[in-house]
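As a plain string of letters, each chain reads:
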Amino acid sequence: MNKPIAALSRRQFVVGAAGSSLVLGLGSALGGCQPDQATSDLVSQGGSASFSPVMWFKIDANGAITMNIVRAEMGQHVGTALAQVIADELGAAWEDVSIQHVDTDPKWGYMVTGGSWSVHTSFTQLSQAGAAGRIVLTEAGARMMGVAPEACRVEGSRVHSGSASVTFAEIIQAGAVSRSFSQEELDALPIKTPAERTIVGRDVPALDVPAKSDGTAQYGLDIHRPGMVYGIPLIPPTRYGAAVRGIDESAAESLPGYLGAVLIEDPTSTLQGWVVVAAETMPVALKAAQAVQVDWQPGETASVSEADLLAEGSRLARDPSSGTLVVDDGDVDAARATAATQLDATYRTATALHFTLEPQNAVVEFDDVGQCHIYAGNQWQSLILPLLAQVLDLPETNIIIHQQYLGGGYGRRLFGDQMIPAVLASRALGRPLKLIFDREADSRFDCARSPTVCTFAASFSEQGALTGVEHAAVAGWPTLSMAPGFMAPGVAGEGKFDGFSISGADHWYTMPAHRVRAVNNELAQKTFLPGWLRAVGSGWTGWGVESFMDEMAHEMGEDPVAFRLALLDGQGKNAGGEGSTVGGATRLRAVLKDVAERSGWGRALPANEGLGVAVCHGQERGMPTWIACVAHVAVVPETGEIAVKKLWQTIDVGTVVNPSGAMAQAEGAALWGLSLALHEGAEFELGQVKQRNLDTYKPLRMADVPELDIIFVDSDAFPSGLGEPPLIPVAPAIGNAVFAATGQRVRDLPIRLA
Amino acid sequence: MVKFTLNSEAVTSESPPDTPLLWVLREELQLIGTKFGCGIAQCGACTVHLDGSAARACVTPVTAVENRHVTTIEGLATPVGAALKSSWEAEQVPQCGYCQSGQIMQAATLLEGNPAPSDAEIVSHMNGHLCRCMAYPRIKRAIAAAGSELVQGEGSNE
Ligand code: FES
Ligand code: FES
């Protein structure tokens, strides 16, 4: 899949003195720009027409090291992990390091935080940046001590030669350092071997935790600007096609400080039929939002229900002409034609909400030089900025998103569409404005996880051997609506598909014949904006693939672990390659063996209890995180109540940058998997989600948290991603455990035993 | 106009009397540590102390706090508060962090009366609080750790 990574080949890494600091960053060598100019532009941070400097980090004369973090902080402590990578190569003392999350600026290149990509995609580049800094400081320090650079080592923010040393601070105080590196030189820099690392792999405390432990951390909703007024959105009855027939403000007009109801006319049609009610104060805005009556002409999906969406999914799954081929290995049709026995099954998942605890919001302020400042937490600035530029008819460079902490992301904040009504209302009123969604509005406006349908058809020979598997997955596709440029081409050279919505179906089991069809549910696409929800497609393909693996194992009379191990042979396309795919399916095999052993797979359990197993490779074949999971469930036969007693996971993510942070991500993601399996699930009714607040939408609470036994494989392989993958195998492991406990096969998420 | 004591200081709110305390704190008085999550007393993000007891500011009209003492995360200056904040850091509890003010305020009312709660007591006291990041294992551990620190601290004073 395409990862949006800035092209860096024409940039140079430059190091220069800025006043009493040393700055280290990238300069684009565009238009014949000279290294000297690159350095001075970087240092001035001004930039010129031909040159846009990027400062990765700077070291002050007192030795303080500040690192700029381009990725969004939404609970994954990403800034800490990325700073660890730089600091390790630089030879910094961790105590000297601080981080800063940056605002949008073209110089940062492509700004997105998602897909569990951050460490994976930044590791090499940041390691090189740190190493370049180390080389420069070593050379300068060696000169000061009158020794050869080769005789020096760097550690604890000091350059050491024998028993002598100089600190980074002393080097910087001593004067100008100027140096640039071409990409070729950067690539050739000596990067530390895993054994040499001292900060990567260490449990340094996350730099954002203190502010999040005393109430001072600032989220988008916390912003105050002078003269700011309050806006509350009134959301139309359908996501698309709604029109405002009339607005009755009579009951609001007498409220003191009422400013009016702004009709949102979005030239991009991303939002249709919106109204924002505004007032000088929040209490009045709340009252006005109740008082103002809008008469809407709803769009054509005003009667669509969850059952309609699933029925359309089932229809499409059964239609072999629908969709795009994503995997086409061997001859599935021949296997089917000659099959002695067949096994077919359909798996479904219900609509699910992001339900970020911080509801959608944005603060907008236009300044007097015509720039639009937006204060909000956002995961994909490079997606929303061009859209906002169209909405406002302003150049992108005149719109600045000031990044804040995200009170939950999980993929919701990949699309900053809440900024559209905020900027339009603020401009219409001529005032800075804080737009606040109440919880119900946030849920109705959510880009929910689409309801999905997956069908599987397996063929078996006379001898009982598996000869082929066909899989069709039907869903609303987030990428189609929000980022169509990222749609991937089908394997047969025909059609396109949303790779994020099918990942996981292209698994690492060696199959005699395997075909996967990704199908868009157009009714879903028309009814709502399907979203990327944590783990995206793997959240439903994984549910189907791993439940069906269990069904096939039972059909063949094989143990579910042994059946999987036999197919994880690491042969052919499953052998893996370079980087994080090294080892291929054999690494998945290893974690499966480990988790089976640790969970006591095969042991006898009391009546109505069972163990279930599932594996996953994370989201993308190119960036696999190898996970095996066992769930232990107990079912109350009378009520059908399912209790998860314990979850085991063995995770091979390659190099772990921060073990404590990694464990927090793994625990959180695994519990998300449990929550989606048993506790969450919404339904469309009359064109919108019915469950809009915690009285009806009920994510996991503390009382239902099972014992967790999660371990990481000790590995120095290239780091992969962790924010989402541990979610994936939990639901199928639970479903398979329910089967082991009761003999009843469950095929719908959330799981309900009648 | 409603007068009350906020974090030991006398304050006056000019907001209409039926305004939820949450918005008075956050928007009128600009104390942003108390969070808005659900608005219907189901998530706990807005938890403050009202005369020492946990209260959900999103469903508490500001008139209800007239002449009473309101404490927010910013004013939680008790030994229990300090122990919780430091155990939250030591256990690296917060993920996105958005729920954590409310979690800490709620946990404080448990430890004030019972510094050595059992696992079941922690769960039943905290179960009304949603952590959407699902940082529950560490929240539970940090409450127990803060409790033992308080118990030990007392022991060493004796
Ligand atoms: S905002 Fe008050 S309990 Fe959720
Ligand atoms: S840490 Fe994110 S909601 Fe609790």
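Predicted model only: the values in this text are computed from it and were never measured. (Residues numbered from 1 in each chain as written. Chains lettered and ligands numbered in written order. Predicted model: local features only at pLDDT ≥ 70, side-chain atom pairs only at ≥ 80, totals over all residues. Heavy atoms only, no water.)

1. Details of the overall build of chain B
For chain B, the helix and strand inventory stands at five helices and five strands. Along chain B, helices (α) and strands (β) appear in the sequence β-β-α-β-β-β-α-α-α-α when read from the amino end. Along the three orthogonal principal directions, the C-alpha set of chain B runs to about 45 × 35 × 25 Å. A buried classification covers 58% of the 158 residues belonging to chain B. Expressed as a percentage of contacts within chain B between residues at least 6 apart in sequence, the contacts between residues at least 24 apart total 58%. (Helix = DSSP H or I, 4+ residues; strand = E, 2+ residues; numbered from the N terminus. Buried < 20%, exposed > 50% of the residue type's maximum accessible area, 1.4 Å probe, protein only. Contact = heavy atoms within 4.5 Å.)

2. Details of the domain arrangement of chain B
Residues and elements named next belong to chain B. For chain B, the assigned domains are domain 1 (2-75) and domain 2 (79-156). Measuring from the centre of the C-alpha atoms in domain 1 to the corresponding centre in domain 2 gives 21 Å. Of the residues lining the interface, 17 residues belong to domain 1; the matching set on domain 2 comes to 12 residues. Summing both partners gives a buried area of about 1,100 Å² for domain 1 against domain 2, and 58% of it is carried by carbon and sulfur. (Domains from an automatic or database assignment. Buried area = accessible area lost by both parts, 1.4 Å probe.)

3. Overview of the packing of helix H2 (residues 78-90) of chain A against helix H3 (residues 118-145) of chain A
Residue and element names in this part refer to chain A. The geometry of H2 relative to H3 is characterised by a closest axis approach of 6 Å and an angle of 35° between their N-to-C directions. Helix-helix and strand crossings are classified by hand; for H2 and H3 the assignment is right-handed. Along the contact surface, H2 presents Val78, Ala81, Leu82, Val85, Ile86, Glu89 and Leu90, while H3 presents Ser118, Val119, Ser122, Phe123, Leu126, Ser127, Gly130, Ala131, Gly133, Arg134 and Leu137. Across the contact of H2 with H3, the residue classes tally to 11 nonpolar, five polar and two charged. (Axes fitted to C-alpha atoms, helices over the stretch in contact; angles between N-to-C directions. Left-handed = near helix turned anticlockwise from the far one by under 90°. Nonpolar A, V, L, I, M, F, W, Y, C, P; charged D, E, K, R; others polar.)

4. Considerations on the packing of aromatic side chains
Any two aromatic rings considered together are summarised by their centre-to-centre distance and by the angle between their planes. Here the structure, examined in full by the defined rule, presents 18 aromatic pairs over all chains. Centroid distance Tyr219 of chain A to Tyr98 of chain B: 5.1 Å. Interplanar angle 90°. Geometry classified as edge-to-face. With Tyr219 of chain A in the loop between helix H6 (209-212) and strand S10 (229-234) and Tyr98 of chain B in the loop between helix H2 (79-90) and helix H3 (100-113), this residue pair bridges two chains. In this structure, Tyr219 of chain A and Tyr98 of chain B share a single accessibility class: buried. Judged by centre distance (4.8 Å) and plane angle (70°), the rings of Trp274 of chain A and Phe445 of chain A are edge-to-face. Remark: Phe445 of chain A occurs in the loop between helix H12 (439-444) and strand S21 (452-460) and Trp274 of chain A occurs in strand S13 (residues 274-279); sequence separation between them is 171 residues. With relative accessibility at 1%, the residue Phe445 of chain A sits in the buried group. Members of the aromatic cluster, joined through ring pairs, are Tyr110, Trp380, Phe486 and Trp532 of chain A. (Phe/Tyr/Trp six-rings, centres within 6.5 Å; stacked < 30°, edge-to-face > 60°.)

5. A few points about the nonpolar core
Across soluble globular proteins, nonpolar side chains show a tendency to be buried alongside one another. Counting residues in hydrophobic clusters, the biggest one holds 190 residues, and the most contacted among them are Met552 and Ile734 of chain A together with Phe4 of chain B. Residue contributions to this core peak at 11 residues, all from helix H18 (residues 659-679) of chain A. The contacts of Phe4 of chain B, once residues within four sequence positions are left out, are Glu9, Ala10, Val11, Ser13, Leu21, Val24, Leu29, Val62, Val65, Asn67, Arg68 and Val70 of chain B. Counting residues in each nonpolar core, the second largest holds 51 residues, with Ala81, Trp108, Phe181 and Val204 of chain A among its members. (Core = buried A, V, L, I, M, F, W, Y, C linked by side-chain atoms within 4.5 Å.)

6. Quick look at the sheet that holds strand S16 (residues 341-349) of chain A
Within a sheet, neighbouring strands are paired by backbone hydrogen bonds and run either parallel or antiparallel to one another. Residues and elements named next belong to chain A. Read from one edge of the open sheet, six strands run S15-S25-S22-S21-S16-S32, paired in mixed fashion. Two strands bound the open sheet, and with one partner strand each, they are strand S15 (324-329) and strand S32 (748-749). Judged from the eight bridges that link them, S21 and strand S22 (residues 466-475) form a sheet pairing that is antiparallel. Bridge assignment links Val453 to a residue of S22, and that residue is Val474. (Pairing = 2+ DSSP bridges.)

7. Quick notes on the sheet that holds strand S8 (residues 164-167) of chain A
All names here are of chain A. Overall, antiparallel pairing links the three strands, which are arranged S6-S7-S8 in an open sheet. Across the chains shown, the open sheet's two edge strands, defined by having one partner strand only, are strand S6 (153-155) and S8. Between one strand axis and the next, the sheet turns by 25° as a mean value, whatever way the strands run. Inspection of the sheet shows S6 paired to strand S7 (residues 158-161) by three bridges, in the antiparallel sense. Within the sheet, the bridge partner assigned to Arg153 lies in S7 and is His160. H3 rests against S6, S7 and S8 of the sheet, and its axis sits at about 50° to S7.

8. Observations regarding H3 of chain B
Side chains that are three or four residues apart share a direction in an α-helix, a result of its 3.6 residues per turn. Along its 14 residues, H3 of chain B runs 21 Å from first to last C-alpha, staying within 8% of the 20 Å computed at 1.5 Å per residue. Most of H3 of chain B sits out of view: 12 of its 14 residues are buried. (Expected span 1.5 Å × (residues − 1).)

9. Quick word on the packing of H2 of chain B against H3 of chain B
All names here are of chain B. It is the contact of H2 with H3, at a shortest axis distance of 9 Å, that shows an interaxial angle of 130°. Accordingly, the angle class assigned to the pair H2 and H3 is oblique. In terms of crossing hand, the pair formed by H2 and H3 is right-handed. Contacts between H2 and H3 pair Val80, Leu84 and Trp88 from the former with Gln100, Gln103, Ile104, Ala107, Ala108, Leu111 and Glu112 from the latter. (Parallel < 35°, antiparallel > 145°, perpendicular 65-115°, else oblique.)

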